[in-house]
Amino acid sequence: MSEVIHAPELAHEDAGEPKRISHWIGGQVVAGTSGRRGPVYNPATGEQTGAVDFATAEEIDAAVQTAKAAFPSWRALSLSRRAELMFRIRELVHTHREDIARFLTLEHGKVLSDALGEVTRGLEVVEHACGIPTLLQGRYSEQVSTGIDVYSIRQPLGVCAGITPFNFPAMVPMWMWAPALACGNTFVLKPSEKDPSASMYVAELLQEAGLPDGVFNVVHGDKVAVDAILEHPDVAGVSFVGSTPIARYIYETGAKHGKRVQALGGAKNHMVVLPDADVDMAADAAVGAAYGSAGERCMAVSVVVAVGDIGDRLVAAIEERLPKLKIGSGLDPASEMGPLVTREHRDKVASYIEGGREQGATVVADGRELDVDGDGFFLGVSLLDNVTPEMDAYRDEIFGPVLSVVRAETYDEAVRLANENPYGNGVAIFTRDGGAARRFQFEIDAGMVGINVPIPVPVAYYSFGGWKSSLFGDSHIYGPEGINFYTRGKVVTSRWPDPATSTVDLGFPQTR
Ligand code: NAD
């Protein structure tokens, strides 16, 4: 195993020996001591390119203590200085967006253009955080009682932690650290062990921008590291994005240990297509939203609900588009879809195709027929028609390039189906009927709704989050709810009386 090296040197396509990826604590790379490591792959070649250290509870404690020590001076920094720093961070990340995208492609597998899109959407949250002086404005009421004023302020929580999934290794951490730092918290990030290098690179950029050492730390690992974060008495808030079973665990365990927790989970996003929809537009949207990033998006459309007589035409239009999709290495500019993140995940996703057939679905396109040279974790696009709610392909979040089509007789049946689903992340309706769309927006049980928009990820000045089993906790992430999550309110009742009017009064304070 080679020595610990800086993140930007990590991922070369032609890397020979796996590079070791260690923690970032107090502004420097810190080698892990547990002796436990996880493999990092280039999914396009199947080659192991990295080995990431898994932190012990003691190493988590070291990161938290470092963040705790950095907190008093960081929170005391003036809002204008903090905003200035956020602007500098924004500029540096923007300047290096292609380097970050390259890390994403090399470890996650998504195509470069999609990786760049991820960084851009993450940057929008950093840009929002640049407005922190305005975002933290409180309220002020003068003369609530004679000579008494009341005002509210929002203050940071302290040390906050973020635990993030493999599918957006740059954007989802930005959803967390940008508002958390801007609000005056210090931060410990535990990125996915599958694609950890982007976080190390970003840590160096934050340092280069002038962020004081210790304000932002990165620790790697598995359940041992996560549990140490959840149980640590000096961690005040935990943000999590990942699968539903782990999100539920994070929420319950974090709350039990007295932390504020927001835990975003998995999804099964339905796209309802009404009979009056434009078939070509709906098919284009379904293909993009189902197979983009190989279906490894929490906002991917995984179920199309075709209402009434549009079903056959819609399935034919989707099928017609599939052979034209270019699948290959994410570094190849011609590729539109890359490999899946690991071999195990690819095989699990592929099992739903056979499972669907066995359970009665019509396999219109079978991604297993794709032939790509080499040992990359590729799987072609699959389309299952006549899927019913009892089938595993419908019930499970497959998280891969497998699109299910469910036929529904009526609008009501389509809405019932989506509302009975345990997840409630994103949902979309395609129609030319404004009344139907408005009714849908009113009736649907999901946190993010698209009207003729297949992936309705809110812009940075709104908040992102689902309902039901797609989110545990009260707070959606980033936007106004993100600012609330990373701060707590304080209300000050203040009296600067004229000494000439002062008297002793033993009565309960009243507004008069
Ligand atoms: P995951 O739940 O397996 O892992 C997420 C994080 O939790 C990782 O950092 C991982 O190391 C950690 N973790 C894994 N197992 C753990 C355990 N037993 N105990 C403690 N921590 C553990 O998720 P993933 O496979 O990395 O990401 C894909 C999932 O994330 C999908 O379900 C997807 O829908 C979801 N996701 C949701 C959103 C959203 O906004 N709702 C966004 C992106 C991804």
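An account of the accompanying structure is given in this report. Here the structure is a predicted model, which means the values were calculated and not measured.

1. Concerning the packing of aromatic side chains
Taken as a whole and assessed by the stated rule, the structure comprises 11 aromatic pairs. With centroids separated by 5.9 Å and ring planes inclined at 50 degrees, the aromatic side chains of tyrosine 461 and tyrosine 462 adopt a geometry described as tilted. Its relative accessible area of 55% is what places tyrosine 461 among the exposed residues. Taken together through their ring pairs, the aromatic side chains of Trp175, Phe464 and Tyr478 make up a single cluster.

2. Structural notes on the pattern of salt bridges
Considering all chains together, one arrives at 24 salt bridges under this definition. Here aspartate 227 ties to lysine 223 by a salt bridge, and the two come within 3.0 Å at their closest N and O atoms. Here lysine 223 and aspartate 227 lie together in helix α8 (residues 223–231), a separation of four residues that amounts to about one turn. Here arginine 357 makes a salt bridge to glutamate 354, at a shortest N to O gap of 3.5 Å. You can see arginine 357 and its partner glutamate 354 sitting in helix α12 (residues 343–358), three residues apart, about one turn around the helix. On the basis of relative accessible area, arginine 357 is assigned to the partly exposed category, the value being 40%. Residue classification places glutamate 354 among the partly exposed positions, given a relative accessible area of 27%. Taken together, the salt bridges that share partners define one network made up of Glu354, Arg357, Asp366 and Arg368.

3. Things to note about the site of the ligand
By nearness alone, 27 residues border the ligand, and Lys190, Glu193, Ser243, Gly265 and Glu397 come closest of all. At a separation of 2.8 Å, an oxygen atom of the ligand approaches a polar backbone atom of threonine 164. One nitrogen or oxygen atom from the main chain of phenylalanine 166 is found 3.0 Å from an oxygen atom belonging to the ligand. Protein contacts shield 88% of the accessible area of the ligand, which totals 830 Å² for the unbound molecule.

4. Observations regarding the layout of surface pockets
The volume enclosed by the largest pocket comes to roughly 970 Å³. Lining the largest pocket are 37 residues, and of these Phe166, Lys194, Gly242, Ser243 and Ile246 lie nearest its centre. If you list the elements that add at least two residues to the lining of the largest pocket, you get α8, β11 (235–241), α9 (244–256) and α12. Of all the elements, α9 adds the most residues to the lining of the largest pocket, at five residues. Of the residues in the lining of the largest pocket, the class split is 16 nonpolar, 11 polar and 10 charged. There is about 580 Å³ of room inside the second largest pocket.

The rules we used
Residues numbered from 1 in each chain as written. Predicted model: local features only at pLDDT ≥ 70, side-chain atom pairs only at ≥ 80, totals over all residues. Heavy atoms only, no water. Phe/Tyr/Trp six-rings, centres within 6.5 Å; stacked < 30°, edge-to-face > 60°. Buried < 20%, exposed > 50% of the residue type's maximum accessible area, 1.4 Å probe, protein only. Salt bridge = Lys/Arg side-chain N within 4 Å of Asp/Glu carboxyl O. Helix = DSSP H or I, 4+ residues; strand = E, 2+ residues; numbered from the N terminus. Near = heavy atom within 4 Å. Polar contact = N/O pair within 3.5 Å; in protein donor to acceptor, adjacent residues only side chain to side chain. Areas by Shrake-Rupley, 256 points an atom, 1.4 Å probe, with all protein chains shown as cover. 1 Å grid on protein atoms, 1.4 Å probe; cavity = no way out; pocket = protein on both sides within 12 Å on 5 of 7 lines; lining within 4 Å. Points joined across faces, edges and corners; volume = space filled by probe spheres on them. Nonpolar A, V, L, I, M, F, W, Y, C, P; charged D, E, K, R; others polar.

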